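Analysis of the macromolecular model
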Amino acid sequence: MIYLVLAALILALLFCGRLLLRQNRLLEQLRGAIRFQQPLLKSEGNADHLPDWPGLAEDVNRLITENATLQQQRSDQLTQLEATLGNLREAVLIVDEANYVHLANRALREIFPSARDLVNLRLELIVRSAAFLDYVRATRAGQPLPRQEFEINHGAGSTWIEASGAPIPSPDGKSQWALFVIHDMTQQRILERMRRDFVANASHELRTPLSVIKGYVETLVDGHATMTDEDRARFLGTIQRHSDRLNAIIADLLTLSRLESATPGVNFEPIDLRAFLTALVDDTAQRPNARRHALACRLDHALGAVAGNAEKLTQLFGNLLDNAIKYCPPGANIVVEARALEAGGEVEVVVRDTGPGIPAEDLPHIFERFYRVEKGRSRESGGTGLGLSIVKHIAQLHGGRVWAESEVGKGTAIFVRLPRAVATP
């Protein structure tokens, strides 16, 4: 009898254990369905011992299906929104309650090119600006904020943006997101700084000769009756020299203004570059101040023609030759070289000299307006500080570019590349 009871207990325990294992298996299937958002297959597992299981599985399947539908709708909405806003010139940014980016159009990616894929990144990894992150949090909280400017610092420098934002509900309606329209103000800030620097530099350059002229004129007015003829002549010579310098600065400023205008009014025609450069060097060599140097040409025979304006190109290469003559010591060699480049359809002209050279720290700035390597020496030689800036603008006007290479004590080479004239059939 005892054995029968023990056998029955063992059978009951085995049956309960089997039921428990089947129940655990069903629960594991339920957890997996919820975790992976996959509906339960009703044919999997026998749940006759759990009368509420079919209803529970049905409810879970319905919730999973509804959640998948909502997720797809949310994805479709964001995709449609991104397609709508993708081609806008204004940058558009949408972040969630945790500062994860959910939408970033093409214009925003252009502002932050270092971040390849902005979506699903934390905003803190993209925009390194505590002020802007505070602005995002305040906007998401619903605080009415005006449009503001922010400076974003990064390794290559700074980016200026102007942002305006508004809170928006999340697609599921459970949290608050924020939408921002952002304008890239970097180029405008650079231009404003250049304008301020230009005004300051121009004012300084104009003030110097004006101050000298004013001082000498006042001296002449007050003491002309007792002044000797020699002093009077010396004063008038100084006034004339600084008046010429003032006139040269104004003339160069007007030239730059015309070159930078939208319609500079320049006519282009095919110019035989070899004949043009040969004549220019020959004319320059006849000047009194050039006779103390050795001027020469090294021009390829197959240079061909460039589409240009003879007056502007004369100004371009004339400025380069004048600089070489002014700043090279007597006996220096000044050579104009030119060759046709096989690739790109360009012609490269180089003005080389064996002068004192330009320090490496000054070389990137020599084409800036009013920049001088040796300020006192440049003024003494009659330079306005605008010559190389005019050279750069004339080269750009012709669709070309200009740069310099130099080594202190070994001379300077100014390179100019211009497109060759297109042969007409």
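Just above, that's the structure.
We now turn to the structure provided with this report. The written sequence of each chain sets the order in which its residues are numbered from 1. Only residues with pLDDT of at least 70 are given local features in this predicted model, and only at 80 or more are side-chain atom pairs given and counted; all residues enter the totals for whole chains, interfaces and linings. To get the side-chain values, take all heavy atoms of the structure and skip hydrogens and water.

**Points about the packing of helix H7 (residues 273–285) against helix H8 (residues 310–327)**
Only the stretch in contact is used when fitting a helix axis, every axis being a line fitted to C-alpha atoms; angles between N-to-C directions are given from 0 to 180 degrees. Runs of H or I in DSSP of at least four residues are treated as helices and runs of E of at least two as strands, each being numbered from the N terminus. Contact geometry for H7 and H8: axes closest at 11 Å, N-to-C directions at 45 degrees. The angle between H7 and H8 falls in the class oblique. Crossing geometry of H7 relative to H8 is assigned as right-handed. Contact residues: H7 offers Phe276, Leu277, Leu280, Val281 and Thr284, while H8 offers Ala310, Leu313, Thr314, Phe317, Gly318, Leu321 and Ile325. Angles are sorted into four bins: roughly parallel if under 35 degrees, roughly antiparallel if over 145, roughly perpendicular if 65 to 115, and oblique for all others. The crossing is said to be left-handed when, going from far helix to near helix, the turn is anticlockwise and less than a right angle, and right-handed when the turn is clockwise. A contact between two residues is defined here by any heavy atoms of the two lying within 4.5 Å.

**Let's talk about the nonpolar core**
We call a set of buried Ala, Val, Leu, Ile, Met, Phe, Trp, Tyr and Cys residues a nonpolar core when their side-chain atoms join them within 4.5 Å. Exposure is judged per residue with a 1.4 Å probe applied to protein chains only, and the accessible area is read against the type maximum: over 50% gives exposed, under 20% gives buried, and values in between give partly exposed. Among the nonpolar cores identified, the biggest contains 45 residues, and Leu277, Phe317 and Leu320 are the most heavily contacted of them. Tallying contributions element by element places H8 first for this core, with seven residues. Apart from the residues within four sequence positions on either side, leucine 320 is in contact with Val351, Leu388, Val391, Ile414 and Val416. Formed by 24 residues, the second largest nonpolar core is a distinct cluster that contains Val95, Ile126, Leu133 and Phe150.

**Section: the packing of aromatic side chains**
Each Phe, Tyr or Trp ring, with Trp reduced to its six-membered ring, pairs with another whose centre is within 6.5 Å; inter-plane angles below 30 degrees give stacked pairs, above 60 give edge-to-face pairs, and intermediate values give tilted ones. Tallied over the full model, the rule gives seven aromatic pairs. Both rings, one in tyrosine 135 and one in phenylalanine 180, keep their centres 6.1 Å apart while their planes meet at 45 degrees; by these two values the pair is tilted. Note that tyrosine 135 is positioned in helix H4 (residues 130–140) and phenylalanine 180 in strand E5 (residues 176–184), a separation of 45 residues in sequence. Ring centres of tyrosine 216 and phenylalanine 235 lie 4.7 Å apart, and the angle between their planes is 65 degrees; on these two criteria the pair is classed as edge-to-face. Pair noted here: tyrosine 216 is in helix H5 (residues 186–223) and phenylalanine 235 is in helix H6 (residues 229–260), with a separation of 19 residues, a long-range link. Three or more aromatic residues joined by ring pairs make a cluster, and in this case those are Phe132, Tyr135, Phe150 and Phe180. Between arginine 122 and the ring centre of tyrosine 100, over which it is positioned, the NZ or CZ distance is 5.3 Å. Ring-over charges, as used throughout, are those where CZ of Arg or NZ of Lys falls within 6 Å of the ring centre and within 35 degrees of the ring normal.

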